[in-house]
Amino acid sequence: MTTTATPTQSTPDAAAPAYNPKSESVAAKRAKSAIFHLVALVLTAIVLYPGLWMIASSFKPNSEIGGQNTSLWSNNFSFDNFVTAMEGIGGVSTLQFFTNSLILALGAVVGTILSASVSAYAFARINFPGRSLFFGMMIATLLLPFHVVIIPQYIIFQQLGLVDTYVPLLIGKFLAGDAFFVFLMVQFMRGLPAELDEAARIDGAGHARIFGSIMLPLMKPALISTSIFSFIWSWNDFLGPLLYLNTPDKYPLPLALRLFVDQTQSSDYGAMIAMSVLALLPVLIFFLIFQRYIVEGVSTQGLKG
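Each value, and the rule that gives it
Residues numbered from 1 in each chain as written. Predicted model: local features only at pLDDT ≥ 70, side-chain atom pairs only at ≥ 80, totals over all residues. Heavy atoms only, no water. Helix = DSSP H or I, 4+ residues; strand = E, 2+ residues; numbered from the N terminus. Buried < 20%, exposed > 50% of the residue type's maximum accessible area, 1.4 Å probe, protein only. Contact = heavy atoms within 4.5 Å. Areas by Shrake-Rupley, 256 points an atom, 1.4 Å probe, with all protein chains shown as cover. 1 Å grid on protein atoms, 1.4 Å probe; cavity = no way out; pocket = protein on both sides within 12 Å on 5 of 7 lines; lining within 4 Å. Points joined across faces, edges and corners; volume = space filled by probe spheres on them. Nonpolar A, V, L, I, M, F, W, Y, C, P; charged D, E, K, R; others polar. Salt bridge = Lys/Arg side-chain N within 4 Å of Asp/Glu carboxyl O. UniProt positions renumbered as here; feature names shortened; annotations may be inferred. Phe/Tyr/Trp six-rings, centres within 6.5 Å; stacked < 30°, edge-to-face > 60°. pLDDT = per-residue confidence, 0-100. Polar contact = N/O pair within 3.5 Å; in protein donor to acceptor, adjacent residues only side chain to side chain. Axes fitted to C-alpha atoms, helices over the stretch in contact; angles between N-to-C directions. Parallel < 35°, antiparallel > 145°, perpendicular 65-115°, else oblique. Left-handed = near helix turned anticlockwise from the far one by under 90°.

Caption draft 1: Region of the structure containing the overall build of the protein. Per the secondary structure count, the protein includes 14 helices and zero strands. Taken from the N to the C terminus, the helices and strands of the protein come in the order α-α-α-α-α-α-α-α-α-α-α-α-α-α. Of all 305 residues assigned to the protein, the portion counted as buried reaches 35%. Sequence separation of 24 or more characterises 73% of the internal contacts of the protein that already satisfy a separation of 6 or more. Accessible surface, the protein as shown: approximately 19,100 Å² in total, 67% of it carbon and sulfur.

Caption draft 2: Local environment of the layout of surface pockets. A volume near 1,100 Å³ is recorded for the largest pocket. What lines the largest pocket is a set of 28 residues, among which Phe146, Gln153, Lys173, Gly177 and Asp178 lie closest to the centre. Secondary structure elements with two or more residues in the lining of the largest pocket: α5 (150–159), α6 (167–174), α7 (179–190), α10 (220–235) and α11 (239–244). Counting residues per element, the lining of the largest pocket draws most heavily on α6, at six residues. Of the residues that constitute the lining of the largest pocket, the class distribution is 19 nonpolar, six polar and three charged.

Caption draft 3: Region of interest: the side chain of Asp197. For Asp197, the position within the fold is in helix α8 (residues 195–202). The buried category is assigned to Asp197, whose relative accessible area is 3%.

Caption draft 4: Here's a closer look at the pattern of salt bridges. Counted under the stated rule, the structure contains three salt bridges. Measuring nitrogen to oxygen at the nearest pair gives 3.4 Å for the salt bridge that ties Arg125 to Asp197. Separated by 72 residues along the polypeptide, Arg125 in helix α3 (residues 94–125) and Asp197 in helix α8 bring together distant segments of the chain. The exposure classification of Arg125 matches that of Asp197, with both residues buried. Between Lys250 and Asp164 there is a salt bridge, with the nearest N and O atoms lying 3.9 Å from each other. Of this pair, Lys250 sits in the loop between α11 and α12 (253–259) while Asp164 sits in the loop between α5 and α6, and the two are 86 residues apart along the sequence. Residue classification places Asp164 among the buried residues on the basis of a relative accessible area of 15%.

Caption draft 5: Seen up close, the UniProt feature "transmembrane region" (unreviewed entry) in the protein. Mapped onto the present numbering, the UniProt feature "transmembrane region" (unreviewed entry) falls on residues 34–56, 102–124, 133–157, 169–189, 210–235 and 269–290. Helix makes up 100% of residues 102–124 and strand makes up 0%, while its end C-alpha atoms are separated by 32 Å.

Caption draft 6: Structural view of the packing of aromatic side chains. Applying the stated criterion across every chain yields a total of 15 aromatic pairs. Judged by centre distance (5.6 Å) and plane angle (90 degrees), the ring pair of Phe157 and Tyr244 falls under edge-to-face. Taken together, the residues Phe157 in helix α5 and Tyr244 in helix α11 connect sequence positions 87 residues apart. A relative accessible area of 11% places Phe157 in the buried class.

Caption draft 7: Looking closely at the confidence of the model for the protein. When pLDDT is averaged along the protein, the result is 82; 84% of the residues meet or exceed 70. Looking across the protein, the model is least confident in helix α14 (residues 294–299), with a mean pLDDT of 56, and most confident in α6, with 94. Between residues 300–305, whose pLDDT stays under 50, and residues either more than four places distant or in other chains, the model counts 15 contacts.

Caption draft 8: How the structure looks around the side chain of Arg125. You can call Arg125 buried: its relative accessible area is 13%. Of note is the side chain of Arg125, whose polar atom sits 3.2 Å from the backbone oxygen of Met189. Here the side chain of Arg125 touches Leu192 through a polar contact of 3.0 Å, landing on its backbone oxygen.

Caption draft 9: Representation of the environment of Leu95 in the model. Considering the arrangement of structural elements, one finds Leu95 in helix α3. The spacing of Leu95 and Leu253 is 158 residues in sequence and 9.7 Å in space, taken between C-alpha atoms.

Caption draft 10: Seen up close, the packing of α3 against α7. Here α3 crosses α7 at 50 degrees, and the two axes come no closer than 8 Å. With respect to α7, the element α3 is oriented oblique. As for how α3 packs across α7, the hand of that crossing is right-handed. Residues Thr112, Ile113, Ala116, Ser117, Ser119, Ala120, Tyr121, Phe123, Ala124 and Arg125 of α3 lie in contact with α7, whose contacting residues are Phe181, Val182, Met185, Val186, Met189 and Arg190. In the contact of α3 with α7, the residues fall into 11 nonpolar, three polar and two charged.

Here it is as structure tokens:
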């Protein structure tokens, strides 16, 4: 009796995990996401470090600011720098410096909004001879560095007796001198349907009524974005006040900060940094309140017909 051997079939090990390309893909995506967030946190820490150092140094004594001490925090925590900063310098109180900066910043916002919006309406909605030429010349001024016109402007204002006043710092705002904001509003208006103007003209509205009743309400994102940038630029301006203001009573905060640094005598860096922190608060508050309108305004996307 003969027996025939049957070949044995090898069965896969039941304990071995099955290859799942989908699970590997999910794991790879999670690893990439973790690396991305880690790199983003490191870059954020690098960007925010100067601000953190400024805030921490405002509570340090002058002996621990700079030099061999590189630590971020100090064991000698004190509010003395803020007390000194609030007392002012040069016989002028800090409240006066804040008031001067506020006058310049709010004046710049009001002037820019009024002049830029009217000029933008003319370029975007009114057909007049040479419109393209004048618009191109206005855009060309964006390529002109401010330092090129410093001397001619100063001579003009000096001959008019306007040096040591706020007029040289504000008159350009009320005359649509900032071509960037005019361009921003022109682009926004061009995105608004022309049918709105036509319907208003049928009802008997003129340019003033169309501008005030139709355009301005629809331009809210562009107007707020213009206000934010104009306020920040004016609040932080140092060169303009340095050129035209000579009396400490009229100094804004950027010039007041410079008074704390004296290369011939001792410099109070702690008070200067404390005042810098205080000067940063209005800009930060103003930005946080209106920052959600920035993207809407810069994108210049109005209604689509």
